[in-house]
Amino acid sequence: MRREVIVIMKAFRIISRNIRDGFKSVGRNLSLSIASISCITITLLIVAIALVVSYNVESVTKRVKQDFTIVTFVDNAASKEQIDNLTERIKKLDNIDNITHETKKEIASEMRDTSDSLSAIIDTWTDETNPLYDTLLVKVKDTQKISNTAKEIRKLNLVKDVKYGQGMVESLLSVFSAVEKGILITMVALVLVTLFLITNTIKITIFSRKREIEIMRLVGASNFSIKQPFVIEGFVLGFLGAIIPMGLTIYGYSALYGHFNGQLFSPFIKLVAAEPFVYVVSLVLLVLGVVVGMFGSYNAVRKYLKI
Amino acid sequence: MEFIKFKNVDKTYKNGVNAVYNMNLEIKKGEFVFVIGASGSGKSTLIKMLYREEKPTNGEIYVGGINVARVKNSKVYKLRRKIGIVFQDYKLLPKLTVYENVAFALEIYGLPTDEVKRKVLKALDLVGLKSKVKSYPDQLSGGEQQRVAIARAIVNSPKLLICDEPTGNLDPDTSLEVMKVIEKINDLGTTIVMATHDREMVDKMKKRVVLLDNGKLVKDYEKGSYSNYEGV
Ligand SMILES: Nc1ncnc2c1ncn2[C@@H]1O[C@H](COP(=O)(O)OP(=O)(O)OP(=O)(O)O)[C@@H](O)[C@H]1O
Ligand SMILES: [Mg+2]
């Protein structure tokens, strides 16, 4: 028990010394450290924007997809049984999630509620003169296949017409996925540039500390403890680089969300709620910054220390 | 039992230079051995093989029972912790004080601060520099800098102290001062292996002397039997 405590105390002292040295070293190579920190900051800012945008796109896409409905108009000649029969047949097709039946009476009364001038006209309709159609609102499981499903429904008897926002749906989805792809590529490229810059910063630190490393080796420092300060320096760079992007994410997005009242341009585009979203994003930024910093410096240590 | 043993050791560098050739040498615990020879005779190569900076091409080298040639790269540090090393150019860190330079060798062990302090002051006391703890290397004379380096080498109480021309940059008087310090360390039980050019000083010290010539051990003088004026 006592032995373990001593070992832990030793490890703790060594690590805390190395963290102190990590901060010192960042200060010693200030200009390069600032360059690396700025690079991490810029990368993480873009990552933050990318995360915010793509997460919002994702959530809008999800909602849009949920709202995609094949509106099936049923021939007025169809009886109640025939409509039920048609519903059953549609249900048996592939890719069907659920079906809701709206009678023309229900539709008429819904329309009547939306405006006074309409209600006057609609009130004059009887069951016979009602010009509307009974409709079946069909939700599909996979929106990518919505046009095929619509085609199949159209082929069925007693189906007057089928509507599902042809074209618009597909183009909207392809725009979304293009946006997401573009963001992803930019993000990967930036992370690589940052890694390269950090590797170079640490390389210069290593060169400026060649003598120190030589002496450490002579007095019997293990490879691990020689590497550790540099990796910790990378950690410090990553940590410092993450501060501004995290702050901007937390305060910026919350302010944006408040400013737009949680929706962009129309109720159709709802923003993701600020909390806990901003904290999750900041955490991702912090982890990414620290990991990139540590990996970049580990890379440099491996390459230039050859241990 | 011998503390250091070279058994049929050859060393050929990658460029084909034969630096050490079929060397056999035994050193007992607590001995003080000078390694002398002309420039290029292989003194530094011998020293480097002792602390496993270089590996022998053939043969075996034992230091305190460890087969040095077999020590893996990743485990070399364990060997180094048992050996103190001193060089001609001191290898001090200019931005650290005398105290910090010596403590540097202890930081890797993660000892508590008061224990570090006690050991560092003891080592500096031994080399006679306790009053200079706060000085920086460039505020010290060459001899003082070398004594700091010696303090750093022995702060962890190694069984073996190896020195490669520790007085190479020093004038005769200062050299002798440094030699006295090393002799004192030897008196406390540490085995010393020292490569040097300084035959005058070797003559005065009356220790065992090993003479190298072109990578071969040509003569092994027992303690006190070496004379600089031999054959003159
Ligand atoms: N790293 C190396 N690579 C190739 N050859 C080397 C290397 N180190 C030393 N040598 C060669 O090995 C031979 C012995 O060198 P070493 O340094 O051991 O001599 P020395 O006795 O220490 O000489 P000096 O008194 O000048 O320090 C020399 O011919 C030298 O050129
Ligand atoms: Mg030499």
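Residues numbered from 1 in each chain as written. Chains lettered and ligands numbered in written order. Predicted model: local features only at pLDDT ≥ 70, side-chain atom pairs only at ≥ 80, totals over all residues. Heavy atoms only, no water.

Caption draft 1: Up close: the pairing of strand 3 (residues 134-140) of chain A. All names here are of chain A. Taken across its seven residues, strand 3 has five buried, putting it largely inside the fold. When strand 1 (residues 69-74) meets strand 3, the two strands line up antiparallel, connected through six bridges. Among the inter-strand pairings, T69 is bridged to a residue of strand 3, identified as K139. Bridge analysis of strand 2 (residues 96-102) against strand 3 gives six bridges, and the strand direction is antiparallel. Note that in strand 3 the partner of I99 across the bridge is V138. (Buried < 20%, exposed > 50% of the residue type's maximum accessible area, 1.4 Å probe, protein only. Helix = DSSP H or I, 4+ residues; strand = E, 2+ residues; numbered from the N terminus. Pairing = 2+ DSSP bridges.)

Caption draft 2: Representation of the interface of chain A and chain B within the structure. Each partner contributes to the interface: chain A provides 18 residues, whereas chain B provides 22 residues. Both faces considered, chain A and chain B share a buried interface measuring about 1800 Å² in area, 59% of it formed by carbon and sulfur atoms. Together, A:R17, A:L218 and A:V219 form the three largest contributors to the area buried by chain A at its contact with chain B, with a combined 32%. Along the contact surface separating chain A from chain B lie one salt bridge. The partner of A:E214 in a salt bridge is B:K91, with the nearest N and O atoms 3.0 Å apart. Our enumeration of links across chain A and chain B arrives at five residue pairs in polar contact (both at pLDDT 80 or more). Elements with a minimum of two residues in the side of chain A that touches chain B: helix 1 (2-28) and helix 8 (210-218) of chain A. Broken down by element, the residue count for the side of chain A that touches chain B peaks at seven residues, all from helix 8 of chain A. (Contact = heavy atoms within 4.5 Å. Buried area = accessible area lost by both parts, 1.4 Å probe. Salt bridge = Lys/Arg side-chain N within 4 Å of Asp/Glu carboxyl O. Polar contact = N/O pair within 3.5 Å; in protein donor to acceptor, adjacent residues only side chain to side chain.)

Caption draft 3: Broad picture of the sheet that holds strand 2 (residues 18-28) of chain B. Residues and elements named next belong to chain B. Overall, antiparallel pairing links the four strands, which are arranged 2-1-4-5 in an open sheet. With partners counted over all chains shown, the strands left at the sheet margins are strand 2 and strand 5 (66-67), one partner each. With seven bridges joining them, strand 1 (residues 2-12) and strand 2 adopt antiparallel strand pairing. Bridge pairing in strand 2 links T12 to N18. Across the sheet, helix 1 (residues 43-50) lies against strand 1, strand 2 and strand 4 (58-63), angled at about 120 degrees from strand 1, the strand it touches most. (Axes fitted to C-alpha atoms, helices over the stretch in contact; angles between N-to-C directions.)

Caption draft 4: Local environment of the pattern of salt bridges. Residues and elements named next belong to chain A. Under the criterion given, the structure shown has 15 salt bridges over all chains. For E88, the salt bridge is made with K91, and the minimal N-O distance between the two is 4.0 Å. Remark: K91 and E88 occur in helix 3 (residues 80-91); sequence separation between them is three residues, near one turn of the helix. What makes E88 partly exposed here is its relative accessible area of 41%.

Caption draft 5: Here's a closer look at the site of ligand 1. Residues and elements named next belong to chain B. The immediate surroundings of ligand 1 are formed by 14 residues, with S39, G40, K43, S44 and T45 found nearest. At 2.7 Å from an oxygen atom of ligand 1 is found a side-chain nitrogen or oxygen belonging to K43. In the complex, 66% of the free accessible area of ligand 1, which totals 630 Å², lies under the protein chains. Here the element with the most residues in the shell around ligand 1 is helix 1; it accounts for three residues. (Near = heavy atom within 4 Å. Areas by Shrake-Rupley, 256 points an atom, 1.4 Å probe, with all protein chains shown as cover.)

Caption draft 6: Representation of the environment of A:K181 in the model. Turning to its location among the elements, A:K181 is positioned in helix 7 (residues 168-208). A C-alpha to C-alpha distance of 9.6 Å links A:K181 and A:S54, two positions 127 residues apart in sequence.

Caption draft 7: Summary view of a nonpolar patch on the surface. All names here are of chain A. Judged by side-chain polarity, F235, F239, I243, I244, L248 and M294 come together as a nonpolar surface patch covering roughly 520 Å² of accessible area. For the nonpolar patch, the element with the most residues is helix 9 (residues 223-259), which contributes five residues. Topologically, F239 is positioned in helix 9. F239 gets classed as partly exposed once you look at its relative accessible area, which sits at 35%. (Patch = residues over 30% accessible without salt bridge, like charges linked within 9 Å, V, L, I, M, F, W, Y side chains within 5 Å.)

Caption draft 8: Representation of helix 4 (residues 113-126) of chain B in the model. Residue and element names in this part refer to chain B. Over its 14 residues, helix 4 runs 20 Å from end to end, which matches the ideal 20 Å to within 8%, given 1.5 Å per residue. Buried within helix 4 we find V116, V120, A123, L124 and L126. Each buried residue of helix 4 sits inside an arc of 155 degrees when the element is viewed along its axis, so together they form one side. Summarising the geometry of helix 4, the exposed residues directed more than 90 degrees from the buried face are D114, R118 and K122. (Expected span 1.5 Å × (residues − 1). Arc of directions from axis to C-beta.)

Caption draft 9: View of the confidence of the model for chain B. Looking at chain B as a whole, the pLDDT averages 93, with 98% of positions reaching at least 70. As scored by the predictor, the complex reaches a pTM of 0.70 and an ipTM of 0.87. (pLDDT = per-residue confidence, 0-100.)

Caption draft 10: Representation of the packing of helix 8 of chain A against helix 9 of chain A within the structure. All names here are of chain A. Following both chains from N to C, one finds helix 8 and helix 9 inclined at 150 degrees, their axes separated by 10 Å at the closest point. By the criterion of interaxial angle, the relationship of helix 8 to helix 9 is roughly antiparallel. Between helix 8, through I213, M216 and R217, and helix 9, the contact on the second element is made entirely by S225, I226 and F230. (Parallel < 35°, antiparallel > 145°, perpendicular 65-115°, else oblique.)

Caption draft 11: Seen up close, the nonpolar core. Residue and element names in this part refer to chain B. Membership of the largest hydrophobic core comes to 88 residues, with the highest contact counts inside it found for F34, L124, L161 and I182. Residue contacts for L124: discarding those within four places in its chain leaves V98, Y99, V102, L129, K130, V133 and A151. Formed by 29 residues, the second largest nonpolar core is a distinct cluster that contains F3, F6, Y51 and V210. (Core = buried A, V, L, I, M, F, W, Y, C linked by side-chain atoms within 4.5 Å.)

Caption draft 12: Representation of helix 6 (residues 172-187) of chain B within the structure. All names here are of chain B. Over its 16 residues, helix 6 runs 22 Å from end to end, which matches the ideal 22 Å to within 8%, given 1.5 Å per residue. Those residues of helix 6 not exposed but buried are T174, S175, V178, M179, V181, I182, E183, I185 and N186. Next to the buried residues of helix 6 lie strand 3 (32-37), helix 4, helix 5 (142-154), strand 7 (160-164), strand 8 (191-195) and helix 7 (199-205). One or two positions beyond helix 6, positive phi appears at G189, with a value near 110 degrees.

Caption draft 13: Here's a closer look at the packing of helix 3 (residues 98-107) of chain B against helix 4 of chain B. Residue and element names in this part refer to chain B. Helix 4 packs onto helix 3 with a crossing angle of 120 degrees between their chain directions and a minimal axis gap of 9 Å. Read as a crossing pair, helix 3 and helix 4 show a hand that is right-handed. On the side of helix 3, the interface is formed by V98, Y99, V102, A103 and L106, while helix 4 contributes V116, K117, K119, V120, L121 and L124. Tallied by class, residues from the contact of helix 3 with helix 4 come to nine nonpolar, no polar and two charged. (Left-handed = near helix turned anticlockwise from the far one by under 90°. Nonpolar A, V, L, I, M, F, W, Y, C, P; charged D, E, K, R; others polar.)

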